[in-house]
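Now for the letters of each chain:
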Amino acid sequence: MSKHIGQGDGPAPLERLINGILPENPVYRQILGICPTLAVSNSMESAMTMAGAVAFVLLGSNLVVSLIRGLLKPHLRILVFTLTIATFVTIADRFLAAYMHEMSRKLGPYVPLIIVNCIIIARCEVCAAKQSVFTAAADAIGQSLGFALAMATIATVRELLGFGTWFGLAVMPKAWPAWVVMILPPGAFLALGLLMGAVNWIAAAWAAKSAGGGEEAKKA
Amino acid sequence: MIDVLIGLAPVLVAAVAVFRWYALKQIVVCLACCLLAEAIFSAMRRRAMSLGDFSAAVTGMILAFSLPPSAPWYVGAVGSFAAIGLGKCAFGGLGQNIFNPAMVGRAFVMICFASAMGASAYVIPGASLDVVTQATPLTAAKSAGGAGPDWSMLWPLFVGNVNGSVGETSALACLLGGLYLCFRRAAKWEIPLAMLATVATVAGLGDWLGPRHPLSVLHHLTGGAVMLGAFFIATDPVSSPLTSGGRWFFGAGVGALVMLMRAYSGYPEGVMFSVLLMNALTPLINRATIPRPLGGSHRAIPSQTTNGAP
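Presented here is an overview of the structure given in this document. (Residues numbered from 1 in each chain as written. Chains lettered and ligands numbered in written order. Predicted model: local features only at pLDDT ≥ 70, side-chain atom pairs only at ≥ 80, totals over all residues. Heavy atoms only, no water.)

## Regarding the overall build of chain B
Scanning chain B from terminus to terminus reveals 14 helices and 0 strands. Order of helices (α) and strands (β) in chain B, N terminus to C terminus: α-α-α-α-α-α-α-α-α-α-α-α-α-α. Relative to a compact globule of 310 residues, whose C-alpha radius of gyration would be 19 Å, chain B shows 19 Å and is just as compact. For chain B, the residues scored as buried account for 53% of the 310 residues in total. Pairs at least 24 apart in sequence give 74% of the contacts found in chain B among residues at least 6 apart. Element-wise, carbon and sulfur atoms account for 69% of the exposed surface of chain B, whose accessible area totals about 13,600 Å². Within chain B, the 10 negative side-chain charges are centred at a point lying 10 Å from the centre of the 17 positive side-chain charges. (Helix = DSSP H or I, 4+ residues; strand = E, 2+ residues; numbered from the N terminus. Rg over C-alpha atoms; globule rule 2.2 N^0.38 Å. Buried < 20%, exposed > 50% of the residue type's maximum accessible area, 1.4 Å probe, protein only. Contact = heavy atoms within 4.5 Å. Areas by Shrake-Rupley, 256 points an atom, 1.4 Å probe, with all protein chains shown as cover. Lys, Arg positive; Asp, Glu negative; His and termini not counted. Charge placed at Lys NZ, Arg CZ, Asp CG, Glu CD.)

## A word on the nonpolar core
In terms of nonpolar packing, the biggest core is built from 117 residues, with Ile 114 of chain A together with Phe 65 and Phe 232 of chain B touching the most fellow members. Filtering out sequence-adjacent residues up to four positions away, Phe 232 of chain B remains in contact with Val 4, Gly 7, Leu 8, Val 11, Ile 62, Cys 174, Gly 177, Gly 178 and Leu 181 of chain B. (Core = buried A, V, L, I, M, F, W, Y, C linked by side-chain atoms within 4.5 Å.)

## Some points on the environment of Phe 163 of chain A
All names here are of chain A. Structurally, the position occupied by Phe 163 is in helix α7 (residues 133–163). For Phe 163, a relative accessible area of 44% translates into the label partly exposed. When the C-alpha positions of Phe 163 and Val 180 are compared, they lie 7.8 Å apart, and in sequence the two are 17 residues distant. Leaving out residues up to four positions away in the same chain, Phe 163 has contacts with Asn 42, Arg 158 and Ile 183.

## A word on the packing of aromatic side chains
Each pair of aromatic rings is reported with the distance of its centres and the angle of its planes. This structure, assessed with the given rule, holds 12 aromatic pairs over all chains. Judged by centre distance (6.5 Å) and plane angle (75 degrees), the ring pair of Phe 41 of chain B and Phe 81 of chain B falls under edge-to-face. Of this pair, Phe 41 of chain B sits in helix α2 (residues 21–44) while Phe 81 of chain B sits in helix α4 (residues 73–86); the two residues are 40 residues apart in sequence, bridging distant segments of the chain. Its relative accessible area of 30% is what places Phe 81 of chain B among the partly exposed residues. Between Trp 73 of chain B and Tyr 74 of chain B, the ring centres sit 6.0 Å apart and the planes meet at 80 degrees, which makes this aromatic pair edge-to-face. Since its relative accessible area comes to 56%, Trp 73 of chain B is described here as exposed. Grouping aromatic residues by their ring pairs yields a cluster made of Trp 176 and Trp 179 of chain A together with Trp 73, Tyr 74, Phe 108 and Phe 113 of chain B. (Phe/Tyr/Trp six-rings, centres within 6.5 Å; stacked < 30°, edge-to-face > 60°.)

## Quick look at the packing of helix α3 (residues 44–67) of chain A against α7 of chain A
Residue and element names in this part refer to chain A. Look at α3 against α7: their axes get within 9 Å of each other, and the N-to-C directions meet at 165 degrees. If you check the angle between α3 and α7, you find them roughly antiparallel. Crossing of α3 against α7: the hand is right-handed. Class assignment for the residues of the contact of α3 with α7 results in 21 nonpolar, 5 polar and 2 charged. (Axes fitted to C-alpha atoms, helices over the stretch in contact; angles between N-to-C directions. Parallel < 35°, antiparallel > 145°, perpendicular 65-115°, else oblique. Left-handed = near helix turned anticlockwise from the far one by under 90°. Nonpolar A, V, L, I, M, F, W, Y, C, P; charged D, E, K, R; others polar.)

## A word on the interface of chain B and chain A
Listed as interface residues are 8 residues of chain B and, on the opposing side, 10 residues of chain A. For the pairing of chain B and chain A, the buried interface totals around 820 Å² over both sides, and the portion due to carbon and sulfur atoms is 84%. Counting the surface chain B buries against chain A, the share from its top three residues, Phe 108, Ile 111 and Cys 112 of chain B, is 46%. The interface formed by chain B and chain A includes 0 salt bridges. Of all the elements in the fold, those that place two or more residues in the side of chain B that touches chain A are α4 and α5 (101–112) of chain B. Taken together, the residues of the side of chain B that touches chain A break down into 8 nonpolar, no polar and no charged. (Buried area = accessible area lost by both parts, 1.4 Å probe. Salt bridge = Lys/Arg side-chain N within 4 Å of Asp/Glu carboxyl O.)

## Side note on the pattern of salt bridges
Considering all chains together, one arrives at 7 salt bridges over all chains under this definition. The salt bridge partner of Arg 94 of chain A is Asp 93 of chain A, with a shortest N-O separation of 3.3 Å. On the accessibility criterion, Asp 93 of chain A (16% relative accessible area) is buried. A salt bridge links Glu 190 of chain B to Arg 247 of chain B, with the nearest nitrogen and oxygen atoms 3.2 Å apart. Residue Glu 190 of chain B is found in helix α10 (residues 190–209), and its partner Arg 247 of chain B is found in helix α13 (residues 244–264); the two are separated by 57 residues along the sequence. You'll find Glu 190 of chain B and Arg 247 of chain B in the same group, each marked buried.

## So, the packing of α3 of chain A against helix α6 (residues 118–128) of chain A
All names here are of chain A. Viewed as axis vectors pointing N to C, α3 and α6 meet at an angle of 30 degrees, and their least axial separation amounts to 10 Å. Relative to α6, the element α3 lies roughly parallel. As for how α3 packs across α6, the hand of that crossing is right-handed. Contacts between α3 and α6 involve Val 54, Val 57, Leu 58, Ser 61, Asn 62, Val 65 and Ser 66 from the former and Ile 119, Ile 120, Arg 123, Cys 124 and Ala 128 from the latter. Of the residues assigned to the contact of α3 with α6, the class counts are 8 nonpolar, 3 polar and 1 charged.

Quick look at the structure:
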């Protein structure tokens, strides 16, 4: 492992932050954290609560792991990550139960399950265990924003079609027939799959455009 | 696929004769939306316009035939886009889909709009058309106790003058169109034969064991979507097995599942779910029935790239 790796290695803080949002989006590009993405994305409210909880846990554990990265032993590092994450998840879980009781009941086991959310373990392993506190924080913020973006897009599609509302506010016309399937688990898979397809399609179009643009610039 | 459209013509005539405007509405909506969806998705994929192979038209017709006459327009529209988009284009277009596109569309709207698709949606109280004011025969049989079969129902069930999904009511029309398909080899004869034989066998066993059941063998064969399913839905050349033995197994599986769902599930009819379930098994059936090459000592090894199909 990496305690000998110096400060200058790895992407810079700003690059980490921007990469997390779209180029390395945890859901659409890395396909991590799919379990909460599918399970709680049928309304904006629960999706955003989940995104907030994940952001808190990710930021906290990235900071702690980055601070103690000099002490990590290679064969024990995953254990240390998990313990750190579990601490922050417990805080988040108790906080939700105390101050947002309804939402805590609605999210059910998915808040405790953040412990095994691969996004967070992956960020500890990829970034926090190797880079400075500042970079780790930027990385956590970028990945959290990326996760929130993915949750927001999926939940928007599912809530609009399934309930005709957005954040509980009626958006669609009164006669809107609710697409019940979009609230049910199949709707999660369909929405995720189609949105992932759309993201890949846009990414491919951008790549083709920039490649084409580069060639044209060379010709000129 | 033009042969399938010709084969569907008698069903279309029967549907319009029985349900009039209700049938016409479903068919126009589904056909238009399926063709539109096909045009949009082929434009998105930058492929040549694939309307000319008529597969979208066939999907639209079969989807329309499987909807209740009372379904609002958006059921057909959403079902069509789900059928073409999720059922076919998401897999890579015609020839790549693992499920029957029309049944994917129907399953989607069935879960989406349960109140517009369930057994009670078939009844339109106070409609000027007598047929749609009563429950469908299979629903009625579910609630009827041990009164024994109603033999006077048999002739209406055969010609189609009963309530039901738009195109499923007339066994006669499905039989005529289906035999044309088999004769033209647009549909493989093993699937309908195996399916109908299995339905008859299971229903016959039921008759023998419990003679007071309201549905006899003939009721099971002519009622519901068995005839439409056997000839037009299960025989989809893309999502059904490639070998003769595989097709026998496929048809028998669909028939057995239909009888299982009719007898024990909450739904009165189960052709859609049966076909979808057996579609899911098709790659396995293909793999298990790879023919031995003449003079070869062992079966050809399936290539991973062709999804197990030889």
